[in-house]
Amino acid sequence: MADALLGPAEIRELAARLGVAPTKKLGQNFVHDPNTVRRIVAAAGLRPDDVVIEVGPGLGSLTLGLVGAAAHVHAVEIDPVLAAALPETVSSERLTVHPRDALRVRAAEFDPPPTMLVANLPYNVAVPVVLSLLAELPTLRGGLVMVQKEVADRLVAGPGSKVYGVPSVKLAWYAEARAAGRVPPAVFWPVPNVDSGLVAFTKRDSPAAEPGRDLPAVERKKVFAVVDAAFAQRRKTLRAALAGWAGSPVRAEEVLVKAGINPQARGESLSVGEFTAIAAAADSDGYAGKLTASGEVPEEVDQ
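Residues numbered from 1 in each chain as written. Predicted model: local features only at pLDDT ≥ 70, side-chain atom pairs only at ≥ 80, totals over all residues. Heavy atoms only, no water.

Draft legend 1. How the structure looks around the side chain of serine 196. Position of serine 196 relative to the elements: it lies in strand E9 (residues 196–203). Among the polar contacts made by the side chain of serine 196, one reaches the side chain of tyrosine 123 at a distance of 2.5 Å. Not counting residues up to four positions away in its chain, the partners in contact with serine 196 are Tyr123, Met146, Val147, Gln148, Lys149, Gly181, Arg182, Val183 and Phe188. (Helix = DSSP H or I, 4+ residues; strand = E, 2+ residues; numbered from the N terminus. Polar contact = N/O pair within 3.5 Å; in protein donor to acceptor, adjacent residues only side chain to side chain. Contact = heavy atoms within 4.5 Å.)

Next up, the structure:
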């Protein structure tokens, strides 16, 4: 099957032979339209030497397109039946199948190291997967993911947008993102009740890099703690929203002023560079703000 892409008949025949059906639990919606696969591969802008990591390959529709365009493909599949069947569907020396949870993979597992993330991501874990892989795989230069249209809008939103939030800022920490098109429900099996969207992103040279803003180095977890606090109460001013993180409204205002941020502003108006400036201002005083009760920042929260 590796010589041709899968259409609706092939997808259903393969699923029937394997005795599998898409499940909501795993967020599975299999692409059965060859033209959509070609569109995704083309939009990804892969180089011949790119090493792709694909999450949730399912029955192999997109995988077949990727092995012909990249030097190697790492397919990470949590469903053991699908993972075992993939090498038969996509018979290629360029493919390595990892029967793993994408949220638990580590960089050392991938040889050669991935340079691009290209995937039709399961709806229920799309944001956590993207952020987790960007944190874990420093060799990534960018990617293209297909997600629920609503999630796509949030990932590419900028400050001031109604849908700008935690995912928007955290993706912006790592990369510049842009919308790369809409995908209709009809190309999937089963047919979802929402449109999907393509999100393309390019890794920044340095975290939170912004033109005209020279920021000191500050740990990601400290910046993300500020982001989580700001959006946990997004209707409040930063002075109020960051009071718990800083220890008091007065302390929050002091940090904000030092960072050059209006204490009466709201989180939805700040860029990732401005959030970084707040964390850096607190850090320079030897105070990094409070993390969550567990001591860890939920950096992959989808809000």
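Draft legend 2. Fine view of the packing of aromatic side chains. Counting across every chain of the model gives five aromatic pairs. Taken together, a centroid distance of 6.0 Å and an interplanar angle of 70° make the contact between tyrosine 164 and phenylalanine 231 edge-to-face. Here the residue tyrosine 164 occupies a position in the loop between helix H6 (149–156) and helix H7 (166–174), and phenylalanine 231 occupies one in helix H8 (residues 220–232), the gap between them amounting to 67 residues. Aromatic pair tyrosine 174 and phenylalanine 224: ring centres 6.3 Å apart, planes at 80°, arrangement edge-to-face. Of this pair, tyrosine 174 sits in helix H7 while phenylalanine 224 sits in helix H8; the two residues are 50 residues apart in sequence, bridging distant segments of the chain. (Phe/Tyr/Trp six-rings, centres within 6.5 Å; stacked < 30°, edge-to-face > 60°.)

Draft legend 3. Quick look at the environment of leucine 131. With respect to the secondary-structure elements, leucine 131 resides in helix H5 (residues 126–136). Judged by relative accessible area, which is 1%, leucine 131 ranks as buried. Spatially, the C-alpha atoms of leucine 131 and leucine 103 are 9.4 Å apart, while their sequence positions differ by 28 residues. (Buried < 20%, exposed > 50% of the residue type's maximum accessible area, 1.4 Å probe, protein only.)

Draft legend 4. The arrangement of the packing of H7 against helix H12 (residues 272–284) in detail. Their axes nearest at 9 Å, the elements H7 and H12 cross at an angle of 85°. Judged on the interaxial angle alone, H12 and H7 are roughly perpendicular. Contact residues: H7 offers Val169, Ala172 and Trp173, while H12 offers Val272, Phe275 and Thr276. (Axes fitted to C-alpha atoms, helices over the stretch in contact; angles between N-to-C directions. Parallel < 35°, antiparallel > 145°, perpendicular 65-115°, else oblique.)

Draft legend 5. Expanded view of the packing of helix H1 (residues 8–18) against helix H4 (residues 80–89). At a closest axis distance of 11 Å, the pairing of H1 and H4 adopts a crossing angle of 125°. The orientation of H1 with respect to H4, classified from their angle, is oblique. Between H1 and H4 lies a crossing of right-handed hand. Counting all contacts with H1, which are made through Leu14, Arg17 and Leu18, the residues of H4 involved are Val81, Leu82, Ala85, Glu88 and Thr89. Classifying every residue of the contact of H1 with H4 gives five nonpolar, one polar and two charged. (Left-handed = near helix turned anticlockwise from the far one by under 90°. Nonpolar A, V, L, I, M, F, W, Y, C, P; charged D, E, K, R; others polar.)

Draft legend 6. Highlighting the sheet that holds strand E3 (residues 72–76). The strand order E4-E3-E2-E5-E6-E9-E7 describes an open sheet built from seven strands, whose pairing is mixed. Here the strands that pair on one side only, and so sit at the sheet edges, are strand E4 (95–98) and strand E7 (175–183). Direction aside, neighbouring strands of the sheet carry axes that sit 20° apart on average. Examined bridge by bridge, strand E2 (residues 51–55) and strand E5 (residues 116–120) share two bridges and lie parallel to one another. Its bridge partner lying in E5, valine 52 is registered against methionine 116. This element, helix H2 (residues 34–44), spans E5, strand E6 (142–148), E7 and E9 of the sheet and lies at about 160° to E7. (Pairing = 2+ DSSP bridges.)

Draft legend 7. Representation of the pattern of salt bridges within the structure. A complete count under the given rule lists 15 salt bridges for this structure. The residue arginine 100 makes a salt bridge to glutamate 109 at a minimum N-O spacing of 2.8 Å. Residue class for arginine 100 comes out partly exposed when judged on its relative accessible area of 28%. (Salt bridge = Lys/Arg side-chain N within 4 Å of Asp/Glu carboxyl O.)

Draft legend 8. Structural view of the nonpolar core. Among the nonpolar cores identified, the biggest contains 61 residues, and Leu117, Leu121, Val147, Leu242, Trp245, Phe275 and Ile278 are the most heavily contacted of them. Sort the elements by how many residues they give to this core and H8 lands first, with eight residues. Those residues in contact with leucine 242 that lie beyond four places of it in its chain are Val226, Ala229, Ala230, Ala252, Leu256 and Ile278. Leu14, Phe30, Leu66 and Met116 belong to the second-largest nonpolar core, a separate cluster that totals 35 residues. (Core = buried A, V, L, I, M, F, W, Y, C linked by side-chain atoms within 4.5 Å.)

Draft legend 9. Examining the side chain of threonine 237 more closely. Looking at the secondary structure, you find threonine 237 in the loop between H8 and helix H9 (238–241). Contact partners of threonine 237, with chain neighbours within four places excluded, come to Pro263, Gln264, Ala265 and Arg266.

Draft legend 10. Representation of H5 in the model. A large share of H5 lies buried, amounting to nine of its eleven residues. For H5, the set of buried residues is Ala126, Val127, Pro128, Val129, Val130, Leu131, Ser132, Leu133 and Leu134.

Draft legend 11. How the structure looks around H2. By the burial criterion, the buried members of H2 are Pro34, Thr36, Val37, Ile40, Val41 and Ala44. Looking straight down H2, one finds that the buried residues subtend no more than 160° of arc, so they occupy a single side. Relative to its buried face, H2 has exposed residues pointing more than 90 degrees away, namely Asn35 and Ala42. Elements in contact with the buried residues of H2: strand E1 (30–31), helix H3 (61–67), E5, E6, E7 and E9. (Arc of directions from axis to C-beta.)

Draft legend 12. Seen up close, unusual backbone geometry. Here aspartate 111 and proline 112 are connected by a cis peptide whose omega angle stands at 5°. For proline 112, the position within the fold is in the loop between E4 and E5. Along the chain, tryptophan 189 connects to proline 190 via a cis peptide bond; the corresponding omega equals -5°. Note that proline 190 resides in the loop between strand E8 (188–189) and E9.

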